[in-house]
Amino acid sequence: QSVLTQPPSASGTPGQRVTISCSGSSSNIGSNYVYWYQQLPGTAPKLLIYRNDQRPSGVPDRFSGSKSGTSASLAISGLRSEDEADYYCATWDDGLSGVVFGGGTKLTVL
Amino acid sequence: QVQLQQWGAGLLKPSETLSLTCAVYGGSFTNYYWHWIRQPPGKGLEWIGETNHGGSTKYNPSLKSRVTISGDTSRNQFSLKVNSVTAADTAVYYCARGRYGDYPYWGQGTLVTVSS
């Protein structure tokens, strides 16, 4: 049982916009930055969004992040086949004094 | 360009000690925090803990009693030890640089299997 709650799966067709949610509490998302990762099969996670809504250099602007209260979202617009991957949210939890991850969302491009 | 390269034993028996090392290339070891994260087969990511160049550490409460993370600033390396492993410790283990969930740099991952 993960501290942060994500839907286990999401799907969309090429060109569509999909969103992935991440729900937490006041001790984690509510008081800290949220980070998003993309993990392709057999590879290490790749930082996709940092500090809620910032993109590292090289990440396409099709990826965007947002946060409101104790929830955060990752949006992917203009969906492409190469976006098929697992996506994780992460943040710091003040109560646990540690990093917590969401359970992950498997995105399928139909 | 910062690169993290990790290594360690990939097959352990129950009750043995897991030991992994991560070397940092192309960047300073000081002024940063160094983490271990694991991922059981087919499951999600789990934070294990962190250390910094000063030797301070934080651990996941669920693993704290069995885990030690330490750094060697002279070699730009840091290590993970997990005592008394069981099948539940079977996972891909990653080293990473960052703080508070922000990890722009990751090692390649090491699969550790615990089996009798």
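Look above for the structure.
Residues numbered from 1 in each chain as written. Chains lettered and ligands numbered in written order. Predicted model: local features only at pLDDT ≥ 70, side-chain atom pairs only at ≥ 80, totals over all residues. Heavy atoms only, no water.

Points about the overall build of chain A
Within chain A one finds 0 helices and 9 strands. Mapped in sequence order, the helices and strands of chain A form the string β-β-β-β-β-β-β-β-β. The C-alpha radius of gyration computed for chain A amounts to 13 Å, which stays within 12% of the reference 13 Å derived for 110 residues, consistent with globular compactness. Structurally, chain A occupies a C-alpha span of about 40 × 25 × 25 Å along its principal axes. Burial status across chain A gives 45% buried among its 110 residues. When contacts within chain A are restricted to residue pairs at least 6 apart in sequence, those whose partners lie at least 24 apart make up 58%. (Helix = DSSP H or I, 4+ residues; strand = E, 2+ residues; numbered from the N terminus. Rg over C-alpha atoms; globule rule 2.2 N^0.38 Å. Buried < 20%, exposed > 50% of the residue type's maximum accessible area, 1.4 Å probe, protein only. Contact = heavy atoms within 4.5 Å.)

As for the state of the cysteines
Taken as a whole, this structure holds 2 disulfides over all chains when the rule is applied. Bridging Cys-22 of chain A to Cys-89 of chain A, the disulfide has an S-S length of 2.0 Å. Across the disulfide from Cys-22 of chain A to Cys-89 of chain A, rotation about the S-S bond amounts to roughly 75°, and the bridge is consequently right-handed. Separated by 67 residues along the polypeptide, Cys-22 of chain A in strand E2 (residues 18–23) and Cys-89 of chain A in strand E7 (residues 85–93) bring together distant segments of the chain. For the residue pair Cys-22 of chain A and Cys-89 of chain A, the accessibility class agrees, reading buried in each case. There is a disulfide in this structure between Cys-22 of chain B and Cys-95 of chain B, and the S-S distance comes to 2.1 Å. Its S-S torsion of about 60° marks the bond between Cys-22 of chain B and Cys-95 of chain B as right-handed, since a negative value means left-handed. A residue pair is termed long-range when its members are at least 10 positions apart, and Cys-22 of chain B in strand E3 (residues 18–25) and Cys-95 of chain B in strand E9 (residues 91–99) qualify at 73 residues. (Disulfide = S-S within 2.5 Å.)

What to know about the sheet that holds strand E6 (residues 71–76) of chain A
All names here are of chain A. One open sheet holds the 3 strands; their spatial order is E2-E6-E5, and the pairing between them is antiparallel. Every other strand in the sheet has two partners, leaving E2 and strand E5 (63–68) as the edge strands with one partner each. On average, adjacent strands in this sheet sit at an angle of 20° to one another, irrespective of strand direction. (Pairing = 2+ DSSP bridges. Axes fitted to C-alpha atoms, helices over the stretch in contact; angles between N-to-C directions.)

Points about the pattern of salt bridges
Residue and element names in this part refer to chain B. Taken as a whole and assessed by the stated rule, the structure comprises 7 salt bridges over all chains. Between Arg-99 and Glu-50 there is a salt bridge, with the nearest N and O atoms lying 3.7 Å from each other. A residue pair is termed long-range when its members are at least 10 positions apart, and Arg-99 in strand E9 and Glu-50 in strand E5 (residues 46–52) qualify at 49 residues. Given a relative accessible area of 22%, Arg-99 falls into the partly exposed group. (Salt bridge = Lys/Arg side-chain N within 4 Å of Asp/Glu carboxyl O.)

What about the environment of Ile-20 of chain A?
Residue and element names in this part refer to chain A. Structurally, the position occupied by Ile-20 is in strand E2. Residue classification places Ile-20 among the buried residues on the basis of a relative accessible area of 1%. It is 14 Å that separates the C-alpha atoms of Ile-20 and Arg-62, two residues lying 42 residues apart in sequence. Contact partners of Ile-20, with chain neighbours within four places excluded, come to Gln-6, Pro-7, Ala-10, Trp-36, Ala-72, Ser-73, Leu-74, Tyr-87 and Thr-105.

Digging into the sheet that holds strand E8 (residues 77–82) of chain B
All names here are of chain B. Spatially, E1-E3-E8-E7 is the arrangement adopted by the 4 strands of the open sheet, whose pairing is antiparallel. Either end of the sheet is taken by a strand with one partner, and the two such strands are strand E1 (3–8) and strand E7 (67–72). If you compare each strand with its neighbour and ignore which way they point, the axes differ by 20° on average. Here E3 pairs with E8 via 6 bridges, running antiparallel. Looking at E8, one finds that Cys-22 is bridged to Phe-78.

Looking at the packing of aromatic side chains
Residues and elements named next belong to chain B. Evaluation of the coordinates by the stated rule reveals 11 aromatic pairs over all chains. Ring geometry for Tyr-94 versus Trp-106: centroids 5.6 Å apart, planes at 85°, classification edge-to-face. Taken together, the residues span a long stretch of sequence, with Tyr-94 in strand E9 and Trp-106 in strand E10 (residues 102–106) at a distance of 12 residues. In this pair, the class of Tyr-94 matches that of Trp-106, namely buried. Here the aromatic cluster, defined as three or more aromatic residues joined through ring pairs, consists of Phe-29, Tyr-32, Trp-34, Trp-36 and Phe-78. Taking NZ or CZ as reference, Arg-97 lies 3.6 Å from the ring centre of Tyr-32, over its face. For the cation-ring pair, Arg-99 lies above Tyr-33, with the distance from its terminal atom to the ring centre recorded as 3.5 Å. (Phe/Tyr/Trp six-rings, centres within 6.5 Å; stacked < 30°, edge-to-face > 60°. Lys NZ or Arg CZ within 6 Å of the ring centre and 35° of its normal.)

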